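Structural features, examined
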Amino acid sequence: YGVPDESVKDELGLPKFFESSEIQIKGLIVSEYSWVHSHWNAKKSLQEWLIEYNIPAVYGVDTRALTKKLREMGSLLGRIEVNPKSPAPQSFPEGFFSNPNAGNVVAEVSTKKVVYYGKGNGTKIIAYDCGMKYNIIRYLVLTHKCELAVVPFDYDLEKNADNIEWDGLFLSNGPGNPEMCSATIKSLKYALALEPAKPIFGICLGNQLLAIASGASTYKLKYGNRGMNQPAIDLRTGRCYITPQNHGYAVDAESLSPDWKPLFINANDLSNEGIIHTSKPFFSVQFHPEANGGPLDTDFLFEKFVGHVRKITQPLVLQNDSAYVRKTYKKVLVVGSGGLSIGQAGEFDYSGSQCIKALKEEGIEVILINPNIATVQTSQEKETASQGADRVYFLPIRPNVVMDIIRKEKPDGIIVSMGGQTALNIGIKLWNSGELQAAGVEVLGTQIPVIEATEDREIFSAKLKEIDETIALSYSANNIPEAIVAANKIGYPVLVRAAFALGGLGSGFAENDKELKDLAAKAFSVSTQILIDMDLRGWKELEYEVVRDCNNNCITVCNMENFDPLGIHTGDSIVVAPSQTLTNEEYMMLRNTAQKVVRHLGVVGECNIQYALDPKSLKYCIIEVNARLSRSSALASKATGYPLAYVATKLSLGRDLVSLRNSITKTTTACFEPSLDYCVLKMPRWDLKKFQRVDNKLGSSMLSVGEVMAVGRNFEEVIQKACRMVNPALIGLEGRDSGLIPCEKKTPLEEQMRKATDTRLFAVQTALEEGWTIEQVHDVTKIDLWFLSKLKNIANMRQACKDVGDVHRLFCDKGVERMRALKVAGFSDLQIASYVGKAGRAGETEIRSIRKALRVTPVVKQIDTLAAEFPAHTNYLYMTYSGNENDVDTHSVDLRAAKPLKRVDSLKQRVRAMSEVSDGLTLPSFKEAGVIVLGCGAYCIGSSVEFDWCAVSAVRQLRRDGIKSVVINYNPETVSTDYDESDRLYFEELSLERTLDIYEKEGVGGVIVSVGGQIPNNLATHLSDSGANILGTAAKDIERAEDRNAFSYMLDQMGIDQPDWSVLSSMDEALSFASKVGFPVLVRPSFVLSGAAMRVASDEEQLKSFLGLAADVAADKPVVMTKFVLGAKEIEFDAVASNGIILNYAIGEHLENAGVHSGDATVILPAQKLYVNTIRHVKRYASAIAMSLNITGPFNIQFMAKGNEVQVIECNLRASRTFPFVSKTLKHNFISLATRAMCGLRPKPYRISLLDIDYVCVKVPMFSFTRLRGADPNLGVEMASTGEVACYGHTAHEAFLQAMLSANFKLPEKNRTILLSIASDEFLAEFAPAAIILSKMGYKLHGTENTAKYYNDKHNLGLISCTCPNDEEDFGDGKSLSALNEIRNERMDLLINISDGTEIKGELSPGYFMRRAAVDFGVSLIVNIKCAIMFAESMEKKHDEFPVRHIKDFYELPTIGWHD
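Our subject in this report is the structure included herewith.

**Points about helix α34 (residues 1044-1054)**
Along α34, the residues that are buried comprise Arg-1044, Phe-1047, Ser-1048, Met-1050 and Leu-1051. The buried residues of α34 all sit within an arc of 155° when viewed along its axis, so they share a single face.

**Notes on the sheet that holds strand β40 (residues 1141-1153)**
One open sheet accounts for seven strands, arranged β43-β42-β39-β40-β41-β44-β45; its pairing is antiparallel. Edge strands, defined here as strands with exactly one partner in the open sheet, are β43 (1205-1212) and β45 (1283-1289). Geometrically, the sheet is characterised by an average inter-axis angle of 25° between neighbouring strands, direction not taken into account. Two elements, strand β44 (residues 1256-1262) and β45, share seven bridges in a ladder whose sense is antiparallel. Counted as the bridge partner of Val-1260 is Val-1285 from β45. Packing of helix α45 (residues 1425-1436) onto the sheet brings it into contact with β40 and β41 (1163-1165), and relative to β40 it is tilted by some 85°.

**Examining the packing of helix α27 (residues 840-853) against helix α31 (residues 992-1002)**
Contact geometry for α27 and α31: axes closest at 11 Å, N-to-C directions at 40°. Taken together, the axes of α27 and α31 are oblique relative to one another. The interaxial crossing formed by α27 with α31 has right-handed handedness. Touching Arg-841, Glu-844, Arg-848, Arg-851 and Lys-852 of α27 are Leu-992, Glu-993, Leu-996, Asp-997 and Glu-1000, all from α31. The residue makeup of the contact of α27 with α31, split by class, is two nonpolar, no polar and eight charged.

**Quick word on the packing of aromatic side chains**
Applying the stated criterion to the full structure yields 45 aromatic pairs. Relative to Tyr-587, the ring of Tyr-544 has its centre 5.6 Å away and its plane inclined at 35°; by these criteria the two rings are tilted. Placement of Tyr-544 in strand β22 (residues 540-548) and of Tyr-587 in helix α16 (residues 584-601) is noted, with a sequence separation of 43 residues between them. Given the relative accessible area of 0%, Tyr-544 is considered buried. Centroid distance Phe-715 to Phe-787: 5.2 Å. Interplanar angle 40°. Geometry classified as tilted. With Phe-715 in helix α19 (residues 715-726) and Phe-787 in helix α23 (residues 785-804), this residue pair connects regions lying 72 residues apart in the sequence. Three or more aromatic residues joined by ring pairs make a cluster, and in this case those are Tyr-139, Phe-170, Phe-201, Phe-283, Phe-302 and Phe-305. The ring of Tyr-646 carries Lys-357 above its face, with NZ or CZ at 5.3 Å from the centroid.

**What about a nonpolar patch on the surface?**
On the surface, Trp-35, Val-36 and Tyr-59 cluster together to form a nonpolar patch covering roughly 330 Å² of accessible area. Within the fold, Tyr-59 resides in the loop between β2 (57-58) and α2 (63-73). The exposure class assigned to Tyr-59 is partly exposed, which follows from its relative accessible area of 47%.

**Considerations on the sheet that holds strand β15 (residues 391-393)**
Read across the sheet, five strands follow the order β15-β14-β13-β16-β17 without closing on themselves; strand pairing throughout is parallel. With partners counted over all chains shown, the strands left at the sheet margins are β15 and β17 (442-443), one partner each. Sheet topology note: the strand β13 (residues 331-335)/strand β14 (residues 365-369) ladder contains five bridges and is parallel. Note on β14: the bridge partner recorded for Lys-331 is Glu-365.

**Thoughts on the pairing of β45**
The side chains of a regular strand alternate between the sheet's two faces. Across the seven residues that make up β45, a large majority, seven, are buried. Side chains Gly-1283, Val-1285, Cys-1287 and Gly-1289 project from β45 onto one buried face, and the interleaved Glu-1284, Ala-1286 and Tyr-1288 project onto a second face that is buried too.

**Topic: the pattern of salt bridges**
Scanning the entire structure with this criterion turns up 80 salt bridges. We note a salt bridge from Lys-596 to Glu-469, for which the minimum N-O separation is 2.9 Å. Of this pair, Lys-596 sits in helix α16 while Glu-469 sits in the loop between α13 (457-465) and β18 (474-477), placing them 127 residues apart in sequence. According to the relative accessible area criterion, Glu-469 is buried, its value standing at 5%. Between Glu-1386 and Lys-1310 there is a salt bridge whose closest N-O contact spans 3.8 Å. Within this pair, whereas Glu-1386 is found in the loop between α43 (1379-1384) and β50 (1390-1394), its partner Lys-1310 is found in the loop between α40 (1292-1302) and β46 (1313-1318), the two being separated by 76 residues in sequence. Judged by relative accessible area, which is 28%, Glu-1386 ranks as partly exposed. Given a relative accessible area of 63%, Lys-1310 falls into the exposed group. In this structure, a network of salt bridges that share partners links the residues Glu-717, Lys-721, Lys-823, Asp-829, Arg-848, Arg-851, Lys-852, Glu-988, Glu-993, Arg-994, Asp-997 and Glu-1000.

The rules we used
- Residues numbered from 1 in each chain as written.
- Predicted model: local features only at pLDDT ≥ 70, side-chain atom pairs only at ≥ 80, totals over all residues.
- Heavy atoms only, no water.
- Buried < 20%, exposed > 50% of the residue type's maximum accessible area, 1.4 Å probe, protein only.
- Helix = DSSP H or I, 4+ residues; strand = E, 2+ residues; numbered from the N terminus.
- Arc of directions from axis to C-beta.
- Pairing = 2+ DSSP bridges.
- Axes fitted to C-alpha atoms, helices over the stretch in contact; angles between N-to-C directions.
- Contact = heavy atoms within 4.5 Å.
- Parallel < 35°, antiparallel > 145°, perpendicular 65-115°, else oblique.
- Left-handed = near helix turned anticlockwise from the far one by under 90°.
- Nonpolar A, V, L, I, M, F, W, Y, C, P; charged D, E, K, R; others polar.
- Phe/Tyr/Trp six-rings, centres within 6.5 Å; stacked < 30°, edge-to-face > 60°.
- Lys NZ or Arg CZ within 6 Å of the ring centre and 35° of its normal.
- Patch = residues over 30% accessible without salt bridge, like charges linked within 9 Å, V, L, I, M, F, W, Y side chains within 5 Å.
- Areas by Shrake-Rupley, 256 points an atom, 1.4 Å probe, with all protein chains shown as cover.
- Salt bridge = Lys/Arg side-chain N within 4 Å of Asp/Glu carboxyl O.

In structure tokens, the structure reads:
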């Protein structure tokens, strides 16, 4: 951000922005230097400033390695040589190094004459200048109105030659050995002996001088305490303050005379941080209370000193009794977040898991309510009992259900801050109703009134005004007229937001009254109050994660800066930590405000505060405070290594930050602010292309379904990593070559940059690649120039490679330098290969070989919270090329791509085969060498938290078997990226290049690719070809199952039935096949997850359209077309096999007929309505497939059955999304079994009999259509759900209705009105019994014209007829009821809309307009005939009323011998 103007002076004539008149260092060493500076207050670059003062500087140094060396060896002498003519000598002659401590450094920096400031002020103070910072003068003169006489360090106070009048004495900071200041010590002894005593206050060196003058001694520290985050404990109060320090000497507290006592101690190394006289006004501190760099948490010490001088009685400050009266808890209820949705995703699984772990460590019995079947948090295996909740309730998270659990379990406390807005809203409702208080249940952590103060805009604004802080101009409104008045007061454009909503639900920007009315109507459908905010788009957006304990210790753990300017929901923003473009003044200003706000509100635990900062001044305003764990909390935890949820839980139990340990170093306190010697970047993952008509414009309402976190040593590195993480098809950050830039004829490039979308980053990169200046791009986007300069660096390096064009010319001259520069900037091998005409995997392999021949390889670095300043035996790692040594012990294995390992089945054979990589490997050494587990990557539609559960299950089983585990993943929302879970965690790319790098560094025995979903599975063949040992099913067999052509051919050869199929090689062949088998047909690409680009074509025109889309998704893979079978039942077969033999299996059935993607289907386990013959066929086919593919590990086969005919749809040779559902229902972890099988440990099958299970589990999908404006909330072959929930019952109907309620389905209770709109006579007839049930139950049934006529004519049900809409504004002719009007005015509680299956995806049909209106206006919606019938039957059986039972209640039901 450059250097400010030195000529600008403050009121005292001192340089306003500086602490000294010149640079006080002899040289500067940095890891990275930014050649472009960008800040409104900058006058020149750092380079220009250093040149002015003739200060040499070096960049590109592994400063972390240097810090470790200094830490281990102590302070060292050094020398910078610019362009040395010869290498460094082996031995150094005397005088080769300049030793600053050899002379009196204080004499060099002290003033040479007495200087006065604040002449005429009443209180007179002498300040000994031993190297005094200007801010000390500012504090004493400007803040405390003293007259200050600054004297040289050797001024003889007893003689007082200048006859200075003084009431108090101040001792400044300074460099070097305090014993060199004998003259200062002599004057101090004189001052100490005066009667009556005159107050004395010293800081830093002043602390040491005062100690020596009092008779104590000092000693040299090995390394010293340096930096801005040293925790110092006030021994009077027990409070811990974060202090800035830079000293190499310390006071020996043991040498203090009886009249002196320690005042502060360092919370980490327990060294002395201050002393105080027991009866006289003398005290000093080792840190800098005034440091202009901050923090200023202890600047109250100046007030104390000046108060002594002015003879103002100082208040008695004592420790409170909280450490001795801490309440104990025996049982705590944790409220989870439910199914994953946009705005509330996997971060709460991680937070909740950390919370449960913290509670269990305290010996507390933990009760959990969370119906999310896919999460680690809801695991109940015996093996993980010490880590999981004691009892888990898979029930709807609703106030009445939570109270039923409370009445049954009788907990002492409840935690509602770990389950997102869902849990928070429950806590608020139960507190305000008085039910929690009546039950004697205490809310742990931040109290409900505090939460309400942050959630209610008016209360929040009033609270901030009490401490002179402000929010952006904002008004609340309880109806649309109030909203219009508020908007016109503020002035358009305005931001409209729903109160008490997560992820910006129901929000957007309005430019006029009409847009406001539309937005407000939708916002009121999710909240009773809306907020109208001032538009601050273009300002910087920043976040701070703040932690506070009951003793008022308060720290900021992480600050984060949005790459995008304000106006985009932070969940949809690229976020960088730590902030990159803030000056220290700005950083500390916002940090101090954060702590002030959090203390004033009374938050206990963790919270998040968001700011808007003017990019052209120091103006800022507070956007909001989230008084709970948030998405940012999970990101901050992973970015810093500071486990916020774990610590917040401990604090909620009354623990204090000082006594808690840093969980990485184990020796230092948790009351500290992490130092980051690396850069972290979070990039969102969107799936908007799955939905027709969804605008990809980003705004205040969150749209992303997941996120990635990249770690590196510079911005270029992390943003390129993040691009590849978010989209494995990308090779790095590219503009037009990314394939993500829309046609410019339709949308000009400038408009693509101006409008924030999910592809704007690539439009910006295109502009920079094509010659736009960073200033031009900034004018359009308002993205900070510093960020743009980094993107320009990437564009320039890319173009330089392309200009050379030939790999050998690129690296023949200065090859090491060029290769390292590219790798430091985050370029992948595949990326470099593509620029020099070597595209594809062959090119990647060639670049890898060249790179390794040049000995340019990545190093392994630790994330240790304290930037290497303290020893950390942490397993939390990342890889980078910005370094020259590893932080951890590594191997040096060289995989030989030319000799891929053969697949072998037994562990003994596998170990023998692996001796090619590591000679003489035995079983014990295999365990020690370990196994890599590839994680799931970013959550997206089709790959979500269920794969994190699978990865964690695998890792925990490896640990139980004594096998070292190495996890690779980059998703900050996951439990698998908690460093406590594995032996080593690499927060890294799931790419071939990086996986091989880690494989070679770790020297592992093998890699598991089958528990992380499709991304790792797709790497199997390439890893195997590169020499890596794939544990479990062989890569060639995975390829056979994934390639739909090869798999279909295999089934034909085995005589296993499947729908008619054909490989698409031309349009004519496809049309011919469709004509032969008849429409509808299904177009299916290979190697995809969640049915990407799968389409059902009902006619020739649709088929032609869909073929192009499928080819885009899998350009180099075959596309298969199959006959689509109508009216078939779909069956899920999940199993574990070993060497082709099935060990255990589970058979579940879909409630919906085939045609609904399995991820969107309602799944019932055990299957309830399958013929015995169907089950027999399923088992026979599955066994044959397992044998043919020689499966070892987890796998999933999807079947369809019609009558007694069973056909195979597909086979996945990996864990599927139903594995946690199956494992938890059957009480046995299928992934644990599979892991043992893959490691060759010959596991015994579990004893499971599906027929003997006396309960049913039903899994239903969670959708996020409320956020996806314009998307059609209908079901099809391409997956649309973002999460899932499951509930248990004695019957399928009981479990189904509970699961529906858990998925936020609202029963039709408000008006008791239901609108039916059913397309075909076949479905009308099928639904008739259900319609009769609903009519008998007293529901007021309405129907669209045809539906009402059918039921009235045939069944005399008396349906009220409503007209169908022809567009979204069609409210009828006023003569009859309009379906759209009834829905929009919320006179309908439920819409049952069943289409006939012939609608084209994206078609603007009457059904679409009604479905969309139902979602937008909070009306419950059912779109599948089977689900609608099941709902009616469940309501008839009164399953909306149910007893609360936890999962173990079901496990313990009496049955026939299937339990162990």
